[in-house]
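Coordinates in review
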Amino acid sequence: MILRLRTKHFRFAYTFESGHKLVGTIVGDVYANQPDFAFNLRSLTALCLSPEGSLMMGFDDVFGQFELGHAKVLFSGSHSTDASFFSFNYRDGEACIYDAVNELWITTNWNPQNWHVEELVNQPLAKPPLPWLDQPLWTMQAIA
């Protein structure tokens, strides 16, 4: 039996109890017979947003896996030059963001109901945004 790999694109979001949000896109592989399990994650583009919606930091390196439809998330990301990172670990019940530049934990907690992930497929641009985002990312204020 040959297990065929397929590459898929996803967007994800996690809202911390503090109001901070981690949103992004990622590429991962899935087996044809297990389309809800994404692994070999790569091509991360993720943003940490303040409770007010301002950009705080970005991330571009990734490692891990997740399942669609279940909050079974084991993945972490980092900024390639400043060592800031985020981590999701449903097994230990934790999610966190660390700002290495200022040496402080931005936020921590894990609530499976706050995790959202969906596959990006060729759809019209008029598709409504995910429920976690009140306004499109491109309309949010950038930090200078």
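Right above here is the structure, for reference.
Residues numbered from 1 in each chain as written. Predicted model: local features only at pLDDT ≥ 70, side-chain atom pairs only at ≥ 80, totals over all residues. Heavy atoms only, no water.

1. Side note on the nonpolar core
Here is the rule we go by: Residues grouped as a nonpolar core are buried Ala, Val, Leu, Ile, Met, Phe, Trp, Tyr and Cys residues, joined through side-chain atoms within 4.5 Å. Exposure categories follow from relative accessible area, calculated using a 1.4 Å probe and restricted to protein chains: below 20% of the type maximum is buried, above 50% is exposed, and the middle band is partly exposed. Counting from the N terminus, the helices are DSSP H or I runs at least four residues long and the strands are E runs at least two residues long. The contact definition used throughout considers only heavy atoms, calling two residues in contact when any of these lie within 4.5 Å.
Of all hydrophobic cores here, the largest spans 27 residues; its most connected members are Leu22, Phe66, Phe75 and Phe88. Looking at this core, the element that brings in the most residues is strand E3 (residues 34-49), giving five residues. Among residues more than four places away in sequence, those in contact with Leu22 are Phe12, Ala13, Tyr14, Phe16, Ala46, Leu47, Cys48, Phe59, Phe86, Phe88 and Ile97.

2. Some thoughts on the environment of Val30
Examined against the element boundaries, Val30 turns out to sit in strand E2 (residues 21-31). Non-local contacts of Val30, meaning those with residues more than four positions away in its chain, are made with Arg4, Leu5, Arg6, Lys8, Phe10, Pro35, Phe37, Ala38 and Phe39.

3. As for the pairing of strand E7 (residues 85-89)
The side chains of a regular strand alternate between the sheet's two faces. Condition: A pair of strands is treated as paired once DSSP finds two or more bridges between them.
Judged by how many residues are buried, E7 sits mostly within the fold: four of five residues are covered. Note: strand E6 (residues 73-78) against E7, five bridges, orientation antiparallel. Residue pairing across strands places Gly77 opposite Phe86, the latter belonging to E7. Where E6 folds back onto E7 in an antiparallel hairpin, the turn is made up of six residues, including Ala83, whose phi is positive at roughly 70°. Sheet topology note: the E7/strand E8 (residues 94-99) ladder contains five bridges and is antiparallel. Each residue of the ladder has a partner; that of Phe88, found in E8, is Ala95.

4. What about the environment of Asp82?
Looking at the secondary structure, you find Asp82 in the loop between E6 and E7. Note on Asp82: relative accessible area 27%, which makes it partly exposed. Remark: the alpha-carbon pair of Asp82 and Val101, spanning 19 residues in sequence, is separated by 6.5 Å. Ignoring sequence-local partners within four residues, the contact set of Asp82 consists of Ala100 and Val101.

5. Structural notes on the pairing of strand E9 (residues 104-108)
By the bridge criterion, four bridges tie E8 to E9 in an arrangement that is antiparallel. Its bridge partner being in E9, Asp99 is matched across the sheet by Leu104. Count of turn residues in the E8/E9 antiparallel hairpin: four residues, of which Glu103 carries a positive phi of about 50°.

6. A short note on the pattern of salt bridges
What counts is decided by this rule: Each salt bridge in this description consists of a side-chain nitrogen of Lys or Arg and a carboxyl oxygen of Asp or Glu lying within 4 Å of one another.
Counting across every chain of the model gives three salt bridges. Across the pair Arg11 and Glu118 runs a salt bridge whose closest N-O atoms are separated by 2.5 Å. Of this pair, Arg11 sits in strand E1 (residues 5-15) while Glu118 sits in strand E10 (residues 115-120); the two residues are 107 residues apart in sequence, bridging distant segments of the chain. Of the two residues, Arg11 and Glu118, both sit in the buried class.

7. Remarks on unusual backbone geometry
Phi angles above zero are rare outside glycine, and Ala83 is one such case at about 70°. Within the secondary structure layout, Ala83 lies in the loop between E6 and E7. Phi is positive for Asn109, close to 160°, though the residue is something other than glycine. Looking at the element boundaries, Asn109 is found in the loop between E9 and E10.

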